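# An overview of the molecular structure
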Amino acid sequence: MSNKFDLIDETIKDYINPGLAIHNGSVEIFSCDLDITPPVLKLKFDGMCGECPSSFSQTLETVASFLREETGITDLVVENVTEKPENFNMKYVFNPDEEDE
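Rules used in this analysis
Residues numbered from 1 in each chain as written. Predicted model: local features only at pLDDT ≥ 70, side-chain atom pairs only at ≥ 80, totals over all residues. Heavy atoms only, no water. pLDDT = per-residue confidence, 0-100. Helix = DSSP H or I, 4+ residues; strand = E, 2+ residues; numbered from the N terminus. Pairing = 2+ DSSP bridges. Axes fitted to C-alpha atoms, helices over the stretch in contact; angles between N-to-C directions. Core = buried A, V, L, I, M, F, W, Y, C linked by side-chain atoms within 4.5 Å. Buried < 20%, exposed > 50% of the residue type's maximum accessible area, 1.4 Å probe, protein only. Contact = heavy atoms within 4.5 Å. Parallel < 35°, antiparallel > 145°, perpendicular 65-115°, else oblique. Left-handed = near helix turned anticlockwise from the far one by under 90°. Salt bridge = Lys/Arg side-chain N within 4 Å of Asp/Glu carboxyl O.

It is worth spelling out the confidence of the model for the chain at this point. Here the chain shows a mean pLDDT of 85. Residues at 70 or above account for 81%. Helix H2 (residues 48-51) is the least confidently modelled element of the chain, averaging 78 in pLDDT, while helix H1 (residues 4-21) averages 96, the highest of any element.

And the structure:
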């Protein structure tokens, strides 16, 4: 790889998007600033992933963790800049702080 951006881009194309495609979704790089501390990567989720509350929680964290591990950028901050759908409801998003009933 010529640089970390290329590694991030290749990881998304070769590993992340094929997994999201199973759910008729994908993700693309909106912006990437690796020269700041911590480095920030902004992603836009498309297709079904763009409409799913999980893309703002579980899916986003899974993608972020995978990118940190695969690229070695352990302090990478990953944000979802996808516009939330009009009827977006976060109550269906998993909250690890909630206790099982």
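Moving on, we come to the sheet that holds strand E3 (residues 77-80). On the basis of which strands lie adjacent, the open sheet formed by three strands has the order E1-E2-E3 and mixed pairing. The sheet is open, and its two edges are formed by strand E1 (25-33) and E3, each paired on a single side. Ignoring which end each strand starts from, the neighbouring axes of this sheet average 30° apart. With eight bridges joining them, E1 and strand E2 (residues 40-47) adopt antiparallel strand pairing. For serine 26, the partnering residue across the bridge sits in E2 and is aspartate 46.

In this section: the nonpolar core. Membership of the largest hydrophobic core comes to 16 residues, with the highest contact counts inside it found for Leu43, Phe45 and Leu67. At the level of secondary structure, the elements contributing two or more residues to this core comprise H1, E2 and helix H3 (58-71). In this structure leucine 43 touches Ile12, Val27, Glu28, Ile29, Phe30, Val63, Leu67, Val78, Glu79, Asn80, Val81 and Thr82, once residues within four positions along its chain are discounted.

What follows is about the packing of H1 against H3. Two elements in contact, H1 and H3, have axes separated by 10 Å at closest approach and are oriented at 135°. In this view, H1 runs oblique relative to H3, as classed from their interaxial angle. When you trace H1 past H3, the crossing you get is right-handed. In this structure, H1 uses Lys4, Leu7, Ile8, Thr11, Ile12, Tyr15, Ile16 and Leu20 to contact H3, whose residues at the interface are Thr59, Val63, Phe66, Leu67, Glu70 and Thr71.

The topology assignment puts asparagine 80 in strand E3. Setting aside residues up to four positions removed in sequence, asparagine 80 forms contacts with Leu43, Phe45, Ser55, Phe56 and Leu60.

Of note, arginine 68 is situated in helix H3. In the structure, arginine 68 is positioned ten residues away from valine 78 in sequence and 9.3 Å away in space, judged by C-alpha atoms. The contact partners of arginine 68, leaving out residues within four places of it in the chain, are Glu61, Ile73, Thr74 and Leu76.

Next up on the list: the pattern of salt bridges. Taken as a whole and assessed by the stated rule, the structure comprises four salt bridges. The closest approach of N and O atoms between lysine 13 and aspartate 9, which form a salt bridge, is 3.0 Å. With lysine 13 and aspartate 9 both in helix H1 and four residues apart, the pair spans about one turn of that helix. Look at aspartate 9 and you get partly exposed, because its relative accessible area is 22%. The salt bridge partner of lysine 44 is aspartate 46, with a shortest N-O separation of 2.7 Å.

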